[in-house]
Amino acid sequence: MKSLSMLSARFDAAALRPPARLPLPPSPDPRWAQLSTECRAAPQEPLRVAKLPHWALEPAALHAWLRELDADLPLERASALGRMGLKLRAKLQDLGWGSAATAIWDCGFLGEAALPALAQFRPRRPTVIVLDPMPQPHVDTALQTLVRNAPQFARPVRVWVPPQSAPPEPTDPLK
């Protein structure tokens, strides 16, 4: 069981930016469930990195998925008693109780400005990090920092890297 200090742990706003409250998409795409399943797979692995599929780049749907995974949307939909239950479940999970299959995650975006704070990042809960589009050297720095610190992670971290834009094709002056 984890120490009681976990009860006071907060979302790491120095390293991560929480998902925005964008208007919800009209209907959920079933492919998001597969991404959630991939996040929850192999909870004993401290770090997994994958490329975010092109279809997942639509901002409203991406933010809605993250807000669902981190229980922000269920919290909004719940009654007062339901909100208390979700908050209690999250704190019990922080203490090591509960199932990885139903865990409440922390979800956020990592941008270039937060790269220095990433060195101190230690997840309080299972965590999904979506990298902002940034130059490849910054992506490499972020991933190297996470790999170096992963042995110290008490909770699984899943990193989604957006597909990099392909460089423009050279123009053939003969065409």
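Read on for a plain summary of the structure. Source: prediction; values computed, not measured. Counting restarts for each chain, with residues numbered from 1 along the sequence as it is written. Reporting of local features is limited, given that this is a predicted model, to residues whose pLDDT is at least 70; pairs of side-chain atoms are given and counted only at 80 or more, and all residues count toward the totals for whole chains, interfaces and linings. Where side-chain values are given, they derive from all heavy atoms of the structure, hydrogens and water being excluded.

Some details on the environment of Ala 61
Reasoning step 1: Secondary structure is summarised from DSSP: a helix means a run of H or I of at least four residues, a strand means a run of E of at least two, and numbering begins at the N terminus for each. Within the secondary structure, Ala 61 sits in helix 2 (residues 59-69).
Reasoning step 2: Dropping the residues within four chain positions of it, Ala 61 is found in contact with Pro 25 and Trp 32. Contacts between residues were defined by any pair of non-hydrogen atoms, one from each residue, lying within 4.5 Å.

Let's talk about the pattern of salt bridges
Pairing between side chains becomes possible if they bear opposite charge and their charged atoms approach one another.
Reasoning step 1: Should a side-chain nitrogen of Lys or Arg be within 4 Å of a carboxyl oxygen of Asp or Glu, the pair is scored as a salt bridge. The full count for this structure, using the stated rule, is five salt bridges.
Reasoning step 2: Across the pair Asp 29 and Arg 31 runs a salt bridge, and its minimum N-O distance is 2.7 Å.
Reasoning step 3: Residue burial is assigned from relative accessible area. The probe radius is 1.4 Å, only protein chains are included, and a residue is buried under 20% of its type maximum, exposed over 50%, and partly exposed in between. Judged by its relative accessible area of 23%, Asp 29 falls in the partly exposed class.
Reasoning step 4: For Arg 31, a relative accessible area of 41% puts it in the partly exposed group.
Reasoning step 5: In this structure, Glu 45 engages Arg 48 in a salt bridge whose closest nitrogen and oxygen atoms are separated by 3.0 Å.
Reasoning step 6: By relative accessible area, Glu 45 is classed as partly exposed at 29%.
Reasoning step 7: Overall, the relative accessible area of 31% leaves Arg 48 in the partly exposed class.

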